[in-house]
Amino acid sequence: PANGSDAELLEFCWAYLRRTYLEDADGNRIEIRDWRGVRVLFSRYAYDHIVSGDKDYREGLGLHEVPLVRKRAERLPWIEPALAGHAVVEVRHQERPASRGRRRKTRVLIVTESSYVIVLDRQDDGCLRLRTAFPADASYLSKIRREGARIGIHKPPQEKQKPQS
């Protein structure tokens, strides 16, 4: 509901995420795989991070003190087609150094043609865990391109043209 209150939009987005990525109508967990067949795990934490934001994301601590950022929430449906391979995406690899006793993070970044970034943490079992997703500006895209390596470009399969009779 674009004209609804923030609370209504948050409720709508959570319901969308649950029925699309977490569980079916019978409460069974939905298994999501990307176009390569790699399992992608979703969580409430990722949802909260996808729809929220910092007052000043460049100088903020990443705490996301703004519970709803509409331009982030409105793009929640963009995750599914990008993961399914229905969009042209740039796939990038990124290493995050270990800090405060935590292990090093290995991330996969999926960047759509519309500058939407989907961040996935690589798990020890080979699965990917959705961390966050957000619309990125040119400065941020330049930063991730400097800090990580491009794995490749995925283009969706072309539909075969029917011969004309």
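Now for a quick tour of the structure. Since the model is a prediction, treat every value here as computed from it, not as a measurement. Residues take numbers from 1 onward in each chain, read along the sequence in its written order. Reporting of local features is limited, given that this is a predicted model, to residues whose pLDDT is at least 70; pairs of side-chain atoms are given and counted only at 80 or more, and all residues count toward the totals for whole chains, interfaces and linings. Computation of side-chain values covers all heavy atoms of the structure but excludes hydrogens and water.

### Structural notes on the overall build of the protein
Okay, step 1: What counts as a helix is a DSSP run of H or I of at least four residues, what counts as a strand is a run of E of at least two, and both are numbered from the N terminus. For the protein, the helix and strand inventory stands at 5 helices and 7 strands.
Okay, step 2: When the helices and strands of the protein are read in sequence order from the N terminus, they spell out α-β-β-α-α-α-β-β-β-β-α-β.
Okay, step 3: Remark: exposure states derive from per-residue accessible area (1.4 Å probe, protein chains only) relative to the maximum for the residue type, with buried under 20%, exposed over 50%, and partly exposed in between. Taken across its 165 residues, the protein has 37% of its residues classed as buried.
Okay, step 4: By the convention used here, residues are in contact when the closest approach between their heavy atoms is within 4.5 Å. Long-range contacts, defined here as pairs at least 24 residues apart, represent 50% of the contacts in the protein between residues at least 6 apart.
Okay, step 5: Accessible surface, the protein: about 10,400 Å² in total, of which carbon and sulfur atoms supply 49%. Computed by Shrake-Rupley with a 1.4 Å probe, the accessible areas treat only the displayed protein chains as cover when residues are assessed.

### Remarks on the packing of helix α1 (residues 6-22) against helix α2 (residues 44-51)
Okay, step 1: It is the contact of α1 with α2, at a shortest axis distance of 11 Å, that shows an interaxial angle of 135°. Taken together, the axis directions place α1 and α2 in an arrangement best described as oblique. The two elements α1 and α2 meet at a crossing, and its hand is right-handed. Note on element contacts: α2 touches α1 through Arg 44, Tyr 47 and Val 51, opposite Leu 10, Cys 13, Trp 14 and Leu 17.
Okay, step 2: Broken down by class, the residue content of the contact of α1 with α2 amounts to 6 nonpolar, no polar and 1 charged. Only C-alpha atoms enter the line fits that serve as axes; for helices the fit covers just the stretch in contact. Angles between N-to-C directions range over 0 to 180 degrees. For this classification, under 35 degrees means roughly parallel, over 145 means roughly antiparallel, 65 to 115 means roughly perpendicular, and everything else is oblique. Helix crossings are classified by the rotation of the near helix relative to the far one: an anticlockwise turn of less than a right angle makes the crossing left-handed, while a clockwise turn makes it right-handed. Note on residue classes: Ala, Val, Leu, Ile, Met, Phe, Trp, Tyr, Cys and Pro are nonpolar, Asp, Glu, Lys and Arg are charged, and everything else, Gly too, is polar.

### Thoughts on α1
Residues spaced three or four apart along an α-helix face the same direction, because each turn holds 3.6 residues.
Okay, step 1: Each helix should span, by expectation, one fewer than its residue count multiplied by 1.5 Å. Taking 1.5 Å as the rise per residue, α1 with 17 residues should run 24 Å; its terminal C-alpha atoms sit 22 Å apart, in good agreement.
Okay, step 2: Within α1, burial applies to Leu 9, Cys 13, Trp 14, Tyr 16, Leu 17, Thr 20, Tyr 21 and Leu 22. Around the axis of α1, the buried residues are gathered within 165° of arc, so they sit on the same side. More than 90 degrees from the buried face of α1, the exposed residues found are Ala 7, Glu 11 and Arg 19.
Okay, step 3: On its buried side, α1 packs onto β1 (32-33), α2, α3 (70-73) and α4 (79-84). Picture the helix axis, draw a direction to every C-beta atom, and the arc is the one those directions span.

### Details of the nonpolar core
Okay, step 1: Counting 30 residues, the largest nonpolar core has Phe 42, Ile 79, Ile 118 and Leu 120 as the members making the most contacts within it.
Okay, step 2: Looking at this core, the elements with two or more residues in it are α1, α2, α4, β3 (89-96), β4 (105-112), β5 (116-122) and β6 (128-135).
Okay, step 3: The element that contributes the greatest number of residues to this core is α1, accounting for 7 residues.
Okay, step 4: Put simply, a nonpolar core is a bunch of buried Ala, Val, Leu, Ile, Met, Phe, Trp, Tyr and Cys residues held in one set by side-chain atoms that sit within 4.5 Å of each other. Ranked by size, the runner-up nonpolar core spans 8 residues in total, among them Val 111, Val 117, Ala 136 and Leu 141.

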